[in-house]
Structures are given as C-alpha cells and as structure tokens.
Amino acid sequence: MISREQRTPLSEWWWTVDRLLLAAIIALMLAGVILSLAASPPVATRIGLDPFHFFNRHILFLVPSIIVLIGVSFMTPRQIRRSALVVFAISIVLILATLLIGPEVKGAKRWITILGINIQASESAKPAFVVIAAWLFSESARKPEMPATSMAIVLLMMLVSLLVMQPDFGQTMLILMAWGSLFFIAGMRMVWVFGLGATAAGGLLMAYFLVPHVAGRIKRFMDPASGDTFQVDTAMEAFSNGGWFGLGPGEGIAKRSLPDSHTDFVFAVGAEEFGILLCLAVLCLFAFIVIRAMSRAYATEDLFSRFAASGLAILFGVQAAINMAVNLHLIPAKGMTLPFISYGGSSMISLAYSVGMLLALTRMRPRTEVEAIDAHVARTYA
Amino acid sequence: MTGPQLDPNKPITRPPEPWRQRLIRSLLYGRNVDRAAKARARVGLAMIAFGGVYGIIAVRLIMFAVNGDTHAERRSTRDAIATARPDIVDRNGAILATDVKSPSLFSEPRRIIDKDEAVELLTGALPDLDGAEVRERIMSKKGFAWLKREITPQQQRDIHRLGIPGIGFLRENKRVYPSGAAVSHLIGLTNIDNQGIAGIEKWLDSNGLADLHRAGFASDRLQKPVELAVDLRVEHALRDELLKAKAKYSAKAASGLVSNVKTGEIVAMVSLPDFDPNNPKEAHDPDRINRLTTGVYEMGSTFKTLTLAMALDSGKANLNTMYDARYPLSYGKFKIHDTHPVPRPISLTEVFTFSSNVGAAKIALGQGVEAHKAFLKKVGQLDRLRTELPESAMPIVPKRWGELNTITIAFGHGMAVAPLQAVMGVNAMINGGLLIPPTFLKRTEEEAREIGKRVIKKETSDKVRYMMRLNAETGSARQAEARAKGYYLGGKTGTAEKVVNGRYSKKQVLNSFTAVLPMDNPQFQVLVMLDEPKALPETHGFITSGWNAVPTGGNVIARIAPLLGLEPRFDLAPSDRLILATSKVTQ
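Keep in mind that what you see is a predicted model, and the values were worked out from it rather than measured. Along each chain, numbering runs from 1 in the same order as the chain's sequence is written. Starting at A for chains and at 1 for ligands, labels are handed out in the order in which the entities are written. A pLDDT threshold of at least 70 governs which residues receive local features in this predicted model, and a stricter bar of 80 or more applies before side-chain atom pairs are shown or counted, although totals over entire chains, interfaces and linings include all residues. Derived side-chain values reflect all non-hydrogen atoms in the structure, with water molecules and hydrogen atoms excluded from consideration.

Runs of E in the DSSP output that reach at least two residues are strands. Runs of H or I that reach at least four are helices, and both are numbered from the N terminus. Looking only at helices and strands, one finds 20 helices and 18 strands in chain B. A 1.4 Å probe rolled over the protein chains alone gives each residue an accessible area, and that area as a share of the maximum for its type sets the label: buried under 20%, exposed over 50%, partly exposed in between. The buried share among the 587 residues of chain B stands at 52%. Restricting to contacts in chain B with at least 6 residues of sequence separation, those with at least 24 account for 70%. For every accessible area listed, the method is Shrake-Rupley and the probe measures 1.4 Å; residues are considered covered only by the protein chains on display. Total accessible area computed for chain B in this model is approximately 27,400 Å², and 55% of it derives from carbon and sulfur atoms. Throughout, a contact is declared for two residues whenever any of their heavy atoms are within 4.5 Å.

Written as structure tokens, this is what we have:
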C-alpha cells in the first residue's frame, strides 16, 4: 500500500510528509495521555465526577483529533488556504454567537455549547487566522499591487476586538504575537519591528493600568507577598518535590490542591510525579516540533507555505512556552494550556487541525508544483 | 481589479503599482529588497529565538532538579531530630538517665486534604491537645509541624487507625530519669529535642556531644555511659532525711551535700524543693533552684573554721591563745554580741566550741585585713566556683573591704558564698591542707593530689580536726554525735541571721551543720542546711542550728555512713589524745 511503485494518495502522503514531525506529535499526544491519568482524577473527584471522567474524555477527543490531524495533513496548500477561510468564517460567527448567547463563566464569555460539546471558538479561529494572515503576507510579497498588508491588519483588528470583548487576553496575546511574528518574517522593516515592540509594551502598560486583574497578576509575580500566589507556590513546590525522577505515579500532592492541575498546571503535576527528566523530554518534543517545522519552512520555496508553516509553528511554540514558563514562575500567571498535554476537548481538535496544517505545509513537494502554483496564482490575479 | 485578459503563454507582466500602495509597501518593507530571501533569514532568526526561550525553560527545570529538596535530604534531617544521648550512671553503675524510644506526632499541613476533619479527629483522639494550637499549626502553609511530641504507642495506634493523610509519626529518643527527683539538680534535664539544658546533661552537650550530633554520628549508637561520682543510695538517704527535716521544722528549703574529703568528689547533693526531671515544667520554678551551687548565702559560724585555721596557720596564734570575749566588740556605731558571753577570757579552742563571734572577730583582726582577704582568696572563697554543672554563682564580696568587714566575715556575715564553695574550703582545712576543686565525676586520690593546691600546713589541719571533734564531744554538735555514735564525727554549726528588710532578723535564720567523719582520718564531709526552720516544743523554742540542722545531720550520717563503707568504732579515745597527741608525735 505504501509502496513507491504505485502512486496512491496514501503512498504519496507517506513519502512526502515529515515522518519525524508526525512521530513527535504522536509522542506528545501519548505524554498527554499519561499526564492526564496523573493530573485529572483528583480534579474530577473534587467536582464530584467519576475519577476518570476527564481521562475518558481526553481519550475520546484523541480519536477525532488524530483523524483531523491526518486528514488535514493530506491537503494541498491551496486546499488549506480555502479551508482556513471557511474555518475562520465559521469561527468568527461562533465567537459572535458566544458573545451574544454564551454563558458567562468567571466573568468571561468564551464557551458555547453546540450538540452537547463545549466549543471555544477562539481556539479554531487562531490557526485559521494565522494561515490567512500568512497567505495575505505572501501575496503582499508577490503581488505588491494587492492591498494584502492592509487586509491583514484589518483582519487582526477584527479578531482582536472580538477576543477583547470576551474578554480573553491570553488568546489575544497569542494572536498578536503570531501575527507580529508573521509580519516580521514577511520582511517588515526593523523600524517597524521596534515600533510594534513599543506598541506591545504600551498595550501591556495600558492593560496594567486599566485592567485590575492583569495588574494584580504582574504585581504578584514581582512581589509574591502582595497577594495570593497559592497556585504558583504549589507548582514551585511540585517541581522541588519531584526532583530528577519524581515521586512516582500517584504520589504527587500538588494535584490535590491545584484547581487547574489537569489544564494550566499539568506540567508541574507531571514534574512532581514523573520527575524533571520527563518534563525535559516534553520540552524537547515541543522544541523539536517547532524548530523542525520552521526549518522545513526555511527550506521551502513557496512563500505561502513558508509563512503559514512558521506562523503555525510559532503559535504552537509560543503557547507551549508561555504555559511552561508560567508553571516555572518565569513570567506572571497567565491561563494558557499546554498543547496536547492539557485537557480540553475543542482545543485539542483545534490543535490537531493546526498541527495537521503544519504537517501538510511541510510536506515535500516537487519544485515544479510550487512554481506551477505560483504561475497559477499569478494568472488568477493578474 | 480590472485589466486586459492575458495570454497564458506570454510572459507575465505586472500592471504598474498604484503610487499609494508603493508608498505603503516601501514604508513597511523597505525598497528594492528580495522579500523571499529576507523572509528566509527571518525564519532563521525566529528559530534561534525559540531555541533561546526553550533553553531558558530547560535551564530553569534543571535548576529545580538540582536545588530541589529531594527525599534523601529530608530523611537525613529527620534522623537528626532523634538524637541519642549516652546513659548516665552513678558510681556503682545504677542508671540515672537513659534514652527510651517513643513516637512523636507530626503533620505535613500541605498534604492534609480536609484540615477541619483532621483537627477534629486528632483532638478527639488526644483530648489533652490544645485544639486552637493544633488548628493553627495544621492550617499553616508549612511543610512540617509537630503536633505532639512523645506520645504512647497506644495513642500512636489509635491515630494511625484514623487514617488521616498528612499525619505521621517519628520515633524519637526520649530522655528518661528512672530515679526521678532524687538526682534532679545534679543531672539537670533535657529539652524536647533531647538537648541538655541544665546540669550534667548540659555539660555533656558542651563537651562534645553536641558536635557529635551535628556531625550525625550520635544517633542510635551505643555510647559509653558517663559515670558520675554520685552514689544513688547515699543520695536517696540524704534526700529522705532532708525531706523529713524540712517537714518537721517547716523549713522553707533544705539542702545537703556529701563530698569526699580526699578527692573532692560529690557523692550526694540534694536541694529541696527539687523537681522531677521527667516533668520539666517544674524545673522552671525559681524556688527550685539548686541552693548549693546557684544560691549564695552568708554561711555564719561555719566560716569561723576558716578564720581560726588562718590564725593557727600563720603561727601568730595557737590553740591556747587567749581572747577576751566577755564584752561586746564595738566598732564605730556597730556592736558585735555573743549570744552567751563567757564571763572569762577564752582560748582559741573555746572560741570555736562556744562559737564566739567576738572571739572570731578578734582573731581575724589579729591577722589584719589584707591577710584575711588573701587567705580567703587562697581558699577559693572570693571567686566564682566552676564545676561541671553549668549553674554557678558569683560570691557576694564587699567592694570596699575594711576592718568592719573583716570583723563580720570572721564569723560568716557580710559575705555570701555558694555552699559548695564553703564545703571546698572546709575540706581543705581538714584533709591535710589541700584545696581540691569539687567534681561530679569520678576522681581518684592520686588525681586529686595532683590538682590539689596546698593552702595550709598539715599541722594546722590536724588542729582544726581536733577542734571540730571537740565540738561533737562537748560542743554544739553533741546531738549529732548522739545519733551517729561510733563514726567519730566532728563538725561546726552555723546559724546565720537572714537579712530581712535590710536588717538581720532573729526569727529568720539559715542554719547549717558541717560534719566530717571520721575525724581521726577524715573521709567524708556532710553539709546540711535548713532555711528558716521554725521552733518546736522539743527544741525548747530555739531555732539555732544545734537544735535542727545538727540532729538532721546526725540522722543523715547514721544512715549514710554504712553505705559509704565506714565501720562504727566504739573504743576510740577522745580527740585530745587521738588527734592532738598523734599530731604532736608527727611534729
């Protein structure tokens, strides 16, 4: 079936996809399963559910996630562009719906329930937006006469304003960083790099002064005595307790007291039970996925693929880095999940979609095909 | 966007860019740049940035792994808590202090899931726990907190069965004193962490045991027991007699000491009220201090022994030197009285047996202030006496020492010393003239002779012995002789009026009796002190030493002499023949 003799879609996929990247993603998913087994039962018991409630759902969502992952990785860049447009449109509609009819949880409207599944539409909007932005930037490079950059800015403004209305500063930050990185990669002048950096700093400063809970978090980070740092303290202790090899499965104690042990703080829980060696392994997997994908992007001739792949890798990598840094108390507390490791149904499928696109965009393609696309695009728009 | 339809085969020509777009583009991306090449370089830059960020996270992780308090570390600190101490035994090997293993209850508050439930269950299982304190400890964010030290195995089982997470037990060494209060002041006690805080226990810590603990060697190892000079049997008999006397005379306090005259060893030491070292709370009561080492007192007539020995040793006086003590001695506005003045001049020996204050004062004046001071300094009465016991007191010595001071100090007023210090001085007067620092550890006669310092001549010592024996034959110590016949004892009484509201009181006295046995070859000195004894019908209303301290001393000697290995001898000649005559022969 996967023979080189016959050109079937499957064999073609197998020989062109980045198998190492695929293996790393699958390994990450497996690590997520193991850590979910460690971190989620105490949370489930605490809220009165079956101890394996979250674990079962984690496994349950893994199946469609893998299907999405593989399925998406079959797509051509063109199909990806189009599907991204569709997903983005749907997501925007869902976000709007969330804002209108979604329930308010902890002061924010982020979730909407459709067919019994809680959906966080911003999760799927992220990768789709990155792909569209990448496409716009690549267009701006190739066809200067198109107002692509302006469109990218407009799209960003739209998405960001929707997210701020929820409000969801974590996602906003991610989107801004991914977009900024894309803009940077697209060849923005250094003047603007600094300009954007200054704007970001200004925005943060504004958030510090205007949004009390952002200010609180930053203050607590700078001076732990100024407020309740229970989560971070417990996480720190979990790392210390674990040491190199951990206390052993089921021996952890941080998970009993950490409210978000199965989502935001799964990294710390994992460190306590399985040791820092496992954490280093997970860190290496993330680093490998990001850098591998970006090196493939570096090598590819197709500008859109390069931008989109780097954008998706950055989105993925930044999210993981922020989560781990929060766990390790390197940056102020920010609710962000660890891709594929933390529990979260809709976010896992979105991630699968995102990483599936990454796989699809980093597939090896004959140069002729790339040029043909180029030519085709040129024809279409010329 | 509208434009002419292009033939796909023609080379692609782009329509001219609108000027506004060109401006924006050049503003954003720069002019005439190869965007593809630039993009590639920037992807490379982003990769490097990511590498840096993940590197920082990895370094942080490794820091946690290296600095984290691992299991092994925690275990070692736990072991250090349960430190072991060597046994302490008396001179015959009877155990005075030993370690017993007992469980202690601790909590790890962070591990406790339901803290309210834990507090409730624990206070239910251990009703004597302070609920509020336990709650506070369990609610704390600490990793470790003691809840109750040293519980019984039964309690341990009960709490274990409650199955509270985050509650645990550590086996600790608990110090146990089987002889209870009998050796309290001597042995001291330990705190809850098994560190010596008083007495010999503290001395042990300051002499290497603490270092051993710190190095982690002292745990659960057989250590050589520490042998003390004390004899538990003598200690017990002494304490028993003192308890009886304290009750009989309604005294505020009673203390006693038995010391080996030739070695300086302290064979028994009791200071009542005392405390049970197994119950350390009592030990903090200021009334329960060790009066023999920590308290300083005006010793009264006991000091006359020193005064007379000084005169005899100087050669300026002999046993028959006569002193006029018929009338009170006037010095400035002060008058020194004798209780029962003798209506004739008396000899030096009679000054001792009649215990004449006037006589003693005149003897001291005959030596001069400087000589008096120098002599007392020589026999160790002016400096703080240090022994193995950490507790010691500085004697109270007049700052400006004039003739009046010499007069009063001659009969033991106007200067306060620790009783143990006086015992050391009297020892030197009777053991042949060697000042031997007292010790609570075993010491041989040879060792004692090596460290002993000669303070008076042997002949002087013989004369003092004669006078002390005479006291038992005809003087104030007769009641003791009556109770402990055959031990050839001798002694000196002391009745010191206590200072109450700045005046010497006639009603409140500190009585002492210093006995030595046997007088022909002194081996032990027995000191008995009664603080504020009351008059009884059988004492005919007297509160002087001869009516309470002396009989008590006699009772003590009758009980302890057999334990000390002394045989009663009933065919001994009186002192003038047995002591004085043999002494003259040796001259």
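Examined against the element boundaries, Thr149 of chain A turns out to sit in helix α6 (residues 148-165). For Thr149 of chain A, the residues in contact, after removing those within four places along its chain, are Phe137, Ser140 and Phe183 of chain A together with Leu28 and Tyr29 of chain B.

By secondary structure assignment, the location of Thr307 of chain B is in helix α10 (residues 302-314). Setting aside its immediate chain neighbours within four residues, Thr307 of chain B contacts Ala360, Ile363, Ala364, Ile409 and Ala410 of chain B.

At the junction of the two partners, chain B supplies 46 residues and chain A supplies 67 residues. Carbon and sulfur atoms supply 68% of the area buried between chain B and chain A, which totals about 4,800 Å² over both sides. The largest share of the area that chain B buries against chain A comes from Arg40, Arg42 and Tyr54 of chain B, three residues that together contribute 15% of it. Whenever Lys or Arg places a side-chain nitrogen within 4 Å of a carboxyl oxygen from Asp or Glu, that contact is recorded as a salt bridge. The interface formed by chain B and chain A holds one salt bridge in total. Between Arg40 of chain B and Glu301 of chain A there is a salt bridge, with the nearest N and O atoms lying 3.8 Å from each other. Pairs of N or O atoms are called polar contacts if they sit within 3.5 Å, as long as, within protein, a hydrogen donor faces a hydrogen acceptor (for residues adjacent in sequence, only side-chain-to-side-chain pairs). Connecting chain B to chain A are five residue pairs in polar contact (both at pLDDT 80 or more). Tallying contributions element by element places helix α2 (residues 35-67) of chain B first for the side of chain B that touches chain A, with 24 residues. Of the residues in the side of chain B that touches chain A, the class split is 26 nonpolar, seven polar and 13 charged. The term buried area refers to how much accessible surface (probe radius 1.4 Å) is lost by two components on association, counted for both of them together. Note on residue classes: Ala, Val, Leu, Ile, Met, Phe, Trp, Tyr, Cys and Pro are nonpolar, Asp, Glu, Lys and Arg are charged, and everything else, Gly too, is polar.

All names here are of chain B. Applying the stated rule across the entire model yields 37 salt bridges over all chains. Its salt-bridge partner being Arg233, residue Asp231 comes within 2.8 Å of it at the nearest N-O pair. Using a relative accessible area of 41% as the deciding quantity, one classes Arg233 as partly exposed. The network of salt bridges with common partners includes Lys252, Asp287, Arg291, Lys498, Asp531 and Glu532.

A few words on the pairing of strand β2 (residues 95-107) of chain B. Residues and elements named next belong to chain B. Most of β2 is tucked away: ten of the 13 residues are buried. When strand β1 (residues 88-89) meets β2, the two strands line up antiparallel, connected through two bridges. By the bridge assignment, Val89 is partnered in β2 with Ile95. Two strands pair if DSSP finds at least two bridges between them. In sequence, β1 turns back onto β2 through a hairpin of five residues, with Gly93 there showing a positive phi of about 95 degrees. Where β2 lies against strand β4 (residues 167-176), ten bridges are found, and the strand directions are antiparallel. In the sheet register, Pro103 faces β4, and the bridge partner there is Arg171. Across three bridges, β2 lies against strand β3 (residues 145-148) in antiparallel orientation.

Moving on, we get to helix α15 (residues 419-430) of chain B. One less than the residue count of a helix, multiplied by 1.5 Å, gives the span that helix is expected to have. Taking 1.5 Å per residue as the helical rise, α15 of chain B with its twelve residues ought to reach 16 Å, and the 17 Å between its terminal C-alpha atoms agrees with that figure. Extensive coverage of α15 of chain B is indicated by the burial of twelve of its twelve residues.

Pairs of aromatic rings are described using the distance from one ring centre to the other and the angle between the two planes. Working definition: a ring pair exists when centres of Phe, Tyr or Trp rings (six-membered ring for Trp) sit within 6.5 Å. Plane angles under 30 degrees give stacked, over 60 give edge-to-face, the rest tilted. A complete count under the given rule lists 16 aromatic pairs over all chains for this structure. Ring geometry for Phe106 of chain B versus Trp146 of chain B: centroids 6.4 Å apart, planes at 90 degrees, classification edge-to-face. Taken together, the residues Phe106 of chain B in strand β2 and Trp146 of chain B in strand β3 connect sequence positions 40 residues apart. What makes Phe106 of chain B buried here is its relative accessible area of 4%. Aromatic ring contacts, followed pair by pair, group Trp13, Trp14 and Phe74 of chain A into a single cluster. Two conditions define a charge sitting above a ring: the NZ of Lys or the CZ of Arg must be within 6 Å of the ring centre, and it must be within 35 degrees of the ring normal. The ring centre of Trp14 of chain A lies 5.3 Å from the NZ or CZ of Arg19 of chain A, which sits over that ring. For Lys492 of chain B, the ring lying beneath its charged end belongs to Phe352 of chain B, and the centroid distance is 5.4 Å.

A separate point is the sheet that holds strand β9 (residues 266-272) of chain B. All names here are of chain B. Reading across from one edge, β9-β8-β18-β17-β16 is the order of the five strands in this open sheet, with antiparallel pairing throughout. The open sheet has two edge strands with one neighbour each: β9 and β16 (490-500). Each adjacent strand pair in this sheet contributes to an overall mean axis angle of 15 degrees, direction not counted. As a rule, the C-alpha atoms of each element are fitted with a line to give its axis, helices using only the stretch in contact, and angles between N-to-C directions run from 0 to 180 degrees. The strands touched by helix α17 (residues 458-473) within the sheet are β16 and β17 (503-517), with β16 carrying the most contacts at an inclination of about 85 degrees.

On to a nonpolar patch on the surface, then. A patch consists of residues whose relative accessible area exceeds 30% and which take part in no salt bridge; residues with like charges are grouped when within 9 Å of each other, and nonpolar side chains (Val, Leu, Ile, Met, Phe, Trp, Tyr) when within 5 Å. Judged by side-chain polarity, Val191 and Trp192 of chain A together with Trp19, Leu23 and Leu27 of chain B come together as a nonpolar surface patch covering roughly 540 Å² of accessible area. When residues of the nonpolar patch are traced back to their parent elements, those giving at least two are α8 (190-210) of chain A together with α1 (19-29) of chain B. Judged by its relative accessible area of 59%, Trp19 of chain B falls in the exposed class.

Once that is clear, we can look at the packing of helix α10 (residues 230-242) of chain A against α2 of chain B. Following both chains from N to C, one finds α10 of chain A and α2 of chain B inclined at 65 degrees, their axes separated by 7 Å at the closest point. α2 of chain B is crossed by α10 of chain A, and the crossing has right-handed handedness. Residues Met236, Phe239 and Ser240 of chain A of α10 of chain A lie in contact with α2 of chain B, whose contacting residues are Arg60, Leu61 and Phe64 of chain B. For the contact of α10 of chain A with α2 of chain B, the residue count by class is four nonpolar, one polar and one charged. Crossings are classed by handedness, with left-handed meaning an anticlockwise turn of the near helix from the far one by less than a right angle and right-handed meaning a clockwise turn.

Our next topic: the packing of helix α7 (residues 169-185) of chain A against helix α14 (residues 303-327) of chain A. Residue and element names in this part refer to chain A. The contact between α7 and α14 brings their axes to 9 Å, and the two run at 140 degrees. In this view, α7 runs oblique relative to α14, as classed from their interaxial angle. Remark: the crossing between α7 and α14 carries right-handed chirality. Contacts between α7 and α14 involve Met173, Leu174, Met177, Ala178, Ser181, Leu182 and Ile185 from the former and Phe307, Ser310, Gly311, Ile314, Leu315, Val318, Gln319 and Ile322 from the latter. Tallied by class, residues from the contact of α7 with α14 come to eleven nonpolar, four polar and no charged. An angle counts as roughly parallel when it lies under 35 degrees, as roughly antiparallel when it exceeds 145, as roughly perpendicular when it falls between 65 and 115, and as oblique in every other case.

This paragraph deals with the confidence of the model for chain B. Residue and element names in this part refer to chain B. Per residue, pLDDT captures the predictor's confidence, and it can take any value from 0 to 100. On average, residues of chain B score 83 in pLDDT, and 89% of them are at 70 or above. pLDDT under 50 marks residues 1-8. Its contacts with residues more than four places away, or in other chains, come to five contacts. Counted against residues more than four places away or in other chains, residues 70-82, with its pLDDT under 50, gives 17 contacts. Scoring the predicted complex yields pTM 0.56 and, for the interface, ipTM 0.88.

The next subject is the environment of Pro86 of chain B. All names here are of chain B. Looking at the element boundaries, Pro86 is found in the loop between α3 (71-81) and β1. The exposure class assigned to Pro86 is buried, which follows from its relative accessible area of 6%. Residues Pro86 and Arg175, spaced 89 residues apart in sequence, show a C-alpha to C-alpha distance of 10.0 Å.

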